[in-house]
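Observations on chain architecture
These are the residues of each chain, in order.
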Amino acid sequence: MDLILWRHAEAEAHVAEGDHAGDLQRALTPKGRRHAARVGAWLHRQLPDDVRVLCSPARRCVQTVEALGRNYKLLDSLAPDASAEAIIEAAGWPEHRQPALIVGHQPLLGQVASLVLCGGRQDWRIRKAGVFWIASKAGAGLPYLKLVVGPDFIGQLR
């Protein structure tokens, strides 16, 4: 199974600490929209046809995933206050037959990557609009990091 982690692109600053509803409504900045479009177009060409696209309900994640141009499912278990374990469970890692693309938040996605690859939770950093692509072959041992890429590098691939 492949597990692709895509951090939302750059969003407006969060103003009020502890304002969960306000945090969920933060929109992408113009730079964030450009990066989401760039990474979304590139990912669309790379992803398998049967990928399940799962997205946090936060506005910035929805705006990021919409740049992909594929159907997606919103899951509360991917919200900013979720846990890395809940995200892994939602993805069905590692048993699910279909790959999963998760569009979510830091530090959660970095924690998911460290749990899957190293077995322990660490605060690995995934850049805004960045992608961690983790793969595992059924019965073939440990998962491996297939790709790490950010919007700036994808811009150079054209």
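Residues numbered from 1 in each chain as written. Predicted model: local features only at pLDDT ≥ 70, side-chain atom pairs only at ≥ 80, totals over all residues. Heavy atoms only, no water.

1. Re the overall build of the chain
Along the chain, the regular secondary structure elements total six helices and six strands. Ordered by position from the N terminus, the helices and strands of the chain form the series β-α-α-β-α-β-α-β-α-β-β-α. Its C-alpha radius of gyration of 15 Å places the chain within 12% of the 15 Å reference for a compact globule of 158 residues. The principal-axis extent of the C-alpha atoms belonging to the chain is close to 45 × 40 × 25 Å. For the chain, buried positions account for 48% of its 158 residues. Pairs at least 24 residues apart make up 63% of the contacts formed inside the chain by residues separated by at least 6 positions. Working note: accessible area of the chain is about 8,000 Å², and carbon and sulfur atoms make up 49% of it. Treating the 20 positive side-chain charges of the chain as one cloud and the 16 negative ones as another, the clouds have centres 8 Å apart. (Helix = DSSP H or I, 4+ residues; strand = E, 2+ residues; numbered from the N terminus. Rg over C-alpha atoms; globule rule 2.2 N^0.38 Å. Buried < 20%, exposed > 50% of the residue type's maximum accessible area, 1.4 Å probe, protein only. Contact = heavy atoms within 4.5 Å. Areas by Shrake-Rupley, 256 points an atom, 1.4 Å probe, with all protein chains shown as cover. Lys, Arg positive; Asp, Glu negative; His and termini not counted. Charge placed at Lys NZ, Arg CZ, Asp CG, Glu CD.)

2. Digging into the nonpolar core
Counting 25 residues, the largest nonpolar core has I4, W6, L43, L47 and L101 as its most contacted members. For this core, the secondary structure elements donating two or more residues are β1 (2–7), α2 (30–46), β2 (52–55), α3 (59–66), β4 (100–104) and β5 (131–135). Take this core: its biggest share by element is four residues, from α2. Beyond its immediate sequence surroundings of up to four residues, L43 is in contact with I4, W6, L68, L101, V131 and W133. (Core = buried A, V, L, I, M, F, W, Y, C linked by side-chain atoms within 4.5 Å.)

3. Looking at the packing of helix α4 (residues 84–91) against helix α5 (residues 108–118)
Where α4 meets α5, the closest approach of the two axes is 8 Å, and the angle between their N-to-C directions is 70 degrees. Here α5 runs roughly perpendicular to α4, going by the angle between their axes. Here A84, E85, I87 and I88 of α4 lie close against α5, whose contacting residues are L108, Q111, V112, L115 and V116. Across the contact of α4 with α5, the residue classes tally to seven nonpolar, one polar and one charged. (Axes fitted to C-alpha atoms, helices over the stretch in contact; angles between N-to-C directions. Parallel < 35°, antiparallel > 145°, perpendicular 65-115°, else oblique. Nonpolar A, V, L, I, M, F, W, Y, C, P; charged D, E, K, R; others polar.)

4. Here's the deal with the environment of A9
In this fold, A9 is placed in the loop between β1 and α1 (20–24). Accessibility expressed as a relative area gives 0% for A9, which makes it buried. As for A9 and H35, which are separated by 26 residues in sequence, their C-alpha atoms are 6.4 Å apart. When near neighbours in sequence (up to four residues on either side) are disregarded, A9 contacts L28, G32, H35, A36, T64, K128 and A129.

5. Considerations on the environment of L3
By secondary structure assignment, the location of L3 is in strand β1. Note: C-alpha distance between L3 and I88 (85 residues apart in sequence) is 9.1 Å. Residues in contact with L3, not counting those within four places in the same chain, are A91, W93, A100, I102, V112, V116, F132, W133 and I134.

6. Brief notes about the pattern of salt bridges
All chains considered together, the criterion is met by six salt bridges. Close ionic contact of R127 with D152 constitutes a salt bridge, the shortest N to O distance being 3.2 Å. In this pair, R127 is assigned in the loop between α5 and β5 and D152 in helix α6 (residues 151–156), connecting sequence segments 25 residues apart. Overall, the relative accessible area of 38% leaves R127 in the partly exposed class. On the basis of relative accessibility, which here comes to 38%, the residue D152 falls in the partly exposed class. Put simply, D23, R26 and R60 are held in one network by salt bridges that share partners. (Salt bridge = Lys/Arg side-chain N within 4 Å of Asp/Glu carboxyl O.)

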